Amino acid sequence: MRSILRSVGFITIATTLATVSATPSPLHLDLAARYEENIFPRLPTFSKREAAAEPQLSEEDERVLRRALERRDFTFIDQDQVLNEYDYIIAGGGLAGLVLASRLSEDSSRRVLVLEAGLSGDAVKDRVDAPAGAYYESIVGTDYDWKHNTEKQPMLNNRGIYWPRGKILGGSTAMNAMYLVRPSQIDVDSWQSLLESAQDIDVSGSASRWSWNNLFAAMKKSENFTAPEAEPWEIGGRFPYDAANHGSGGPMSLSYPQVMFSIVGNWTSALATAGISTLQNPNGGVTMGGFISPSSINPTNRTRSYSRPAYIDSLPPRSNLHILPEATVTKIGFTDKLRSSTNEIIAHSVEFAKDSASTRYVVGVNREVILAGGPLGSPKILMHSGVGPTDVLQQIGLDVVYELPGVGQHLQDHLTAGVAWESRVETAGDVRASNSDFSKSSEFLSFINDAVAFVNASLLFNGNDAVYGTEIANMLANGTTTVPSTSPEVIEGYKAVYNLTVQNLWPGSAQIEMLMSVISPGSISIQSALQHPYSRGRVYINSTNPFDPIVIDPQYFSHPADRTIMRQGVKLVRLVGAALGDRVGTETTPGPDVQTDDQIDAWLTNSGANTQYHPASACAMLPRKWGGVVDSDLKVYGLANVRVVDSSVYPFEFAAHLASATYGLAEIGSGIVKESTFEVPSGAKVDEKELGRQGKNEAVGRGVSRVVVGGVVAAVLALLA
Ligand SMILES: Cc1cc2nc3c(=O)[nH]c(=O)nc-3n(C[C@H](O)[C@H](O)[C@H](O)COP(=O)(O)OP(=O)(O)OC[C@H]3O[C@@H](n4cnc5c(N)ncnc54)[C@H](O)[C@@H]3O)c2cc1C
């Protein structure tokens, strides 16, 4: 009962923005008490059977009870229950945002608010939960997707590329393909060495946080690994795995689908024929080779283990944690006072609204604002708050609060292209198309693709990798002219990452990932996905309305090496396809007519190349002199108490899928935030009059009446102790 009393006290004593009382009903109290007594220890175990064992519960009670449990009413709040202020406000309830929410609210004396633009996802729970739902009942393209499109890409025959991103509690982990593939030790240690090589106190001081050893431990902390079941493991060719490379007892479940297809058992032998060895201990720091990847599946109920069930639904009620869906952060509010020790601007509030036509609300922050809006959401919030490149902000008439030319820059993405063949063996797509009872069973619905391989430049260029590596090194000057920024700092950052990529990652890391897919009826495909792109793009805003879409220009293939590497990947994929022998028939995509380099290039340009859904780096962790946005403590330059903790901070793309690294990043980020002692000084707090409802659309374009350009602070600003 202890924390129930705290709940009640917290909700009723604390001032709410509106007058609506959030006093829990007796049913809620009873529910929460029994929850705490471990009658319902974990949400997934609560079932009709258990409710039936409670004779006093009517059908209606049971419905309310279930809904209360599922919505976690003590955590998920309505707009009118938002308090005046919180210690931490997290913008974005996606992967990183919910890790932060869970970890920061471990300290019951700290109040935490998560503002998530998307819906809770309760209405699509079944679609999200079933792993195979990622293909057959995907939320991509629905209201749970931001439905972004890139600008037309000149080097892709003017195609705009569709970029889905999760707009839902859990973010993109609620719609992703669930591969759990870590970056290699070389990639992560190169991140650390890049920061150290800058010889800049902002990033070299804490560079060791971003070492392989530290990130590996943090990634493992997020996990609870379960070995594959005997039957699918047998069908999958008794593939190697190493439990020691995974965590145990962490929030996110990690395992393998309970149904596999025979072609998966042929994966590593086909790779071997094409010269690609089998990786014996995947996810332990070496990625080169072929393997069957674990997936973020909870094997006890065969469901997707994404950030919401892993980090939030599994918690007992926490009265100090509030999560508000359908709340888009429109901007950060700043005081006109500076932190005296550092001359940094202090954030004192966050503004949010349900949609463009709805009332704006302002909520105060005592300690930190943490941006976890993902690779597009976080740079967007910064820009709408007046923090970003001056040309972008002034073009639309937004006051520049702090000039930071790197916001939105350094954008990178993995491009991928799939070669497909007719299949002569059964695929998941065949089962699905059969509409049989099995196709509807939870066993089948636990299916997810998992056959992958990472290959190096030597294999791609038939041993001539050093020659092509030198060619790429010589293309730096040309590459620099394609950087979509006139900022000398951003251009210097491009050069630094480029040189690191050529020197460390070209010889040591994977250049192409292959992924085999069996989701379509009668068809098997293998993708060739570029891992370390040399092209750079940007995101920016062209409107003061934060509900207008962000402009995305990844500048795909603006560096010619990217297309050449992908083309070599396509050739290697074809060798693997050939090694699958009579299990596959005629090649259907791109087809036998596409053979020469020019033909493959044309196919990639006109239709073949598409996103692998891994945009990153638009709030890069780099020194300011390289167009960085955050320092090695994830703190935004020039701002005393704003951090970015999500996949937008990686200074370069890893040869990996990004979820595992981002769970690790968010675990480390939570620790950094907890260590910080900063509190918004009383003289810098948001004025009570500014709290609460701020009127419909009044806030659009309403800048903070202060200009700080190039780090030079207007002399009128007061300094705070
Ligand atoms: C279709 C798809 C397939 C993928 N497959 C894989 C895979 O198989 N394996 C893998 O490792 N990775 C995969 N990824 C990538 C992986 O899911 C992401 O890298 C990861 O989720 C990034 O975490 P994040 O916290 O940075 O962002 P997200 O998880 O995207 O979270 C950002 C959250 O912020 C919210 N938000 C944004 N702006 C605002 C705002 N202004 N106010 C309030 N909230 C806001 C968003 O709605 C979202 O909930 C895939 C991604 C996609 C889209």
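Residues numbered from 1 in each chain as written. Predicted model: local features only at pLDDT ≥ 70, side-chain atom pairs only at ≥ 80, totals over all residues.

Under an unreviewed UniProt entry, the name given to the protein chain is pyranose dehydrogenase (acceptor), and the source organism is Ephemerocybe angulata. Quoted verbatim from the Sequence similarities (unreviewed entry) heading of the UniProt record, the comment on the protein chain is "Belongs to the GMC oxidoreductase family." Database annotation for the protein chain, UniProt heading Subcellular location (unreviewed entry): "Secreted". (UniProt positions renumbered as here; feature names shortened; annotations may be inferred.)

Draft legend 1. Structural detail: the overall build of the protein chain. A count of helices and strands for the protein chain gives 25 helices and 28 strands. In the protein chain, which comprises 721 residues, the share counted as buried stands at 55%. In the protein chain, once contacts between residues fewer than 6 apart in sequence are set aside, the share between residues at least 24 apart is 77%. (Helix = DSSP H or I, 4+ residues; strand = E, 2+ residues; numbered from the N terminus. Buried ≥ 20, exposed ≤ 12 C-beta atoms within 10 Å, placed from the backbone. Contact = placed C-beta atoms within 7 Å.)

Draft legend 2. Representation of the site of the ligand within the structure. Every one of the 41 residues lining the ligand counts as a neighbour, but Gly92, Gly94, Gly171, Gly377 and Ala659 are closest to it. Within the residue set of the shell around the ligand, elements represented by two or more residues are helix H5 (95–104), strand E11 (328–339), helix H15 (374–384) and helix H25 (658–675). (Near = placed C-beta within 6 Å.)

Draft legend 3. Seen up close, H5. Within H5, ten of the ten residues are buried, which leaves the element mostly enclosed by the surrounding structure. The set of residues buried in H5 consists of Leu95, Ala96, Gly97, Leu98, Val99, Leu100, Ala101, Ser102, Arg103 and Leu104. Looking at the buried residues of H5, the elements they touch are strand E1 (85–91), strand E2 (112–115), helix H14 (307–313), strand E10 (321–324), strand E13 (359–371) and H25.

Draft legend 4. Geometry of the pairing of E13. With eleven of 13 residues buried, E13 is to be regarded as a mostly interior element. Two elements, E1 and E13, share six bridges in a ladder whose sense is parallel. Bridging across to E13, Ala91 finds its partner in Leu371. Looking at chain direction, strand E12 (residues 344–353) and E13 are connected through four bridges and run antiparallel. For Glu351, the partnering residue across the bridge sits in E13 and is Val362. Linking E12 back to E13 in an antiparallel pair, the connection comprises five residues. As paired elements, E13 and strand E24 (residues 642–644) share three bridges and run parallel to each other. Residue Ile370 lies in a different strand from E24, and its bridge partner there is Arg643. (Pairing = 2+ DSSP bridges.)

Draft legend 5. The UniProt feature "domain: Glucose-methanol-choline oxidoreductase N-terminal" (unreviewed entry) in the protein chain, seen in detail. Mapped onto this structure's residue numbering, the UniProt feature "domain: Glucose-methanol-choline oxidoreductase N-terminal" (unreviewed entry) falls at residues 374–388. When the span residues 374–388 is considered, its composition is 73% helix and 13% strand, and the gap between its end C-alpha atoms is 16 Å.

Draft legend 6. Layout of the nonpolar core. Counting 201 residues, the largest nonpolar core has Ile89 and Ile90 as its most contacted members. Aside from chain neighbours lying at most four places away, what touches Ile90 is Gly97, Leu100, Ala101, Val112, Leu113, Val114, Ile370 and Ala372. (Core = buried A, V, L, I, M, F, W, Y, C linked by C-beta atoms within 7 Å.)

Draft legend 7. Here's a closer look at the pairing of strand E16 (residues 415–423). E16 sits mainly inside the fold: seven of its nine residues count as buried. Here two bridges tie E16 to strand E23 (residues 610–611), and the two strands are oriented antiparallel to one another. Bridge pairing in E23 links Thr416 to Asn610. In this sheet, strand E19 (residues 523–530) lies alongside E16 in antiparallel orientation, the contact comprising seven bridges. By the bridge assignment for E19, Val419 is matched with Ile526. With three bridges connecting them, E16 and strand E22 (residues 584–589) associate as antiparallel partners. Paired with Ala420 across the strands is Thr589, a residue of E22.

Draft legend 8. Structural detail: the environment of Glu690. Within the secondary structure, Glu690 sits in the loop between H25 and strand E25 (692–696). On the basis of neighbour counts, which here come to 14 C-beta atoms within 10 Å, the residue Glu690 falls in the partly exposed class. Counting along the chain gives 326 residues from Glu690 to Gly364, while the straight-line C-alpha distance between them is 9.1 Å. Apart from residues no more than four positions distant in its own chain, Glu690 is found in contact with Ser349 and Val362.

Draft legend 9. Geometry of unusual backbone geometry. Here the amide bond leading from Thr589 into Pro590 is cis, since omega sits at -5°, within 30 degrees of zero. In this structure, Asn462 takes a positive phi of about 50° despite not being glycine. Overall, Asn462 belongs to the exposed group, with 11 C-beta atoms counted inside 10 Å. A positive phi angle, close to 50°, is found at Gln555, a residue other than glycine. Locating Gln555 in the fold gives a position in the loop between strand E21 (551–553) and helix H23 (560–579).

Draft legend 10. Representation of the environment of Gln511 within the structure. Relative to the helices and strands, Gln511 resides in the loop between helix H22 (488–508) and strand E18 (512–517). Taking C-alpha positions, Gln511 is 8.6 Å from Gly569, a pair spaced 58 residues apart along the chain. What Gln511 contacts, discounting residues up to four positions off in sequence, is Val455, Asn456, Ala457, Leu460, Gln531, His532 and Ile565.

Draft legend 11. Spotlight on the confidence of the model for the protein chain. On average, residues of the protein chain score 89 in pLDDT, and 86% of them reach the 70 mark or higher. Ignoring residues within four places in sequence, the model shows residues 35–55, a span with pLDDT below 50, making 21 contacts including any to other chains. With pLDDT under 50 throughout, residues 696–721 is counted as low confidence; its partners more than four residues away or in other chains account for 53 contacts. (pLDDT = per-residue confidence, 0-100.)

Draft legend 12. Highlighting the environment of Ser197. Among the structural elements, Ser197 can be located in helix H8 (residues 185–197). The spatial distance from the C-alpha of Ser197 to the C-alpha of Ala207 is 9.9 Å, given a sequence separation of ten residues.

Draft legend 13. Main features of the packing of H5 against H25. Here H5 crosses H25 at 35°, and the two axes come no closer than 9 Å. The handedness of the crossing between H5 and H25 is right-handed. Listed contacts from H25 to Leu95, Ala96, Val99, Leu100, Arg103 and Leu104 of H5 are Ala659, Thr662, Tyr663, Leu665, Ala666, Glu667, Gly669, Ser670, Val673 and Lys674. (Axes fitted to C-alpha atoms, helices over the stretch in contact; angles between N-to-C directions. Left-handed = near helix turned anticlockwise from the far one by under 90°.)

Draft legend 14. View of the packing of H8 against H22. Orientation of H8 relative to H22, taken along the N-to-C sense of each, is 150°, at an axis distance of 11 Å. With respect to H22, the axis of H8 lies roughly antiparallel. Seen along the crossing, H8 lies across H22 with a hand that is right-handed. Contacts between H8 and H22 involve Ile186, Asp187, Ser190 and Leu194 on the former and, on the latter, Ala496, Val497, Leu500, Asn504, Leu505 and Gly508. Of the residues assigned to the contact of H8 with H22, the class counts are six nonpolar, three polar and one charged. (Parallel < 35°, antiparallel > 145°, perpendicular 65-115°, else oblique. Nonpolar A, V, L, I, M, F, W, Y, C, P; charged D, E, K, R; others polar.)

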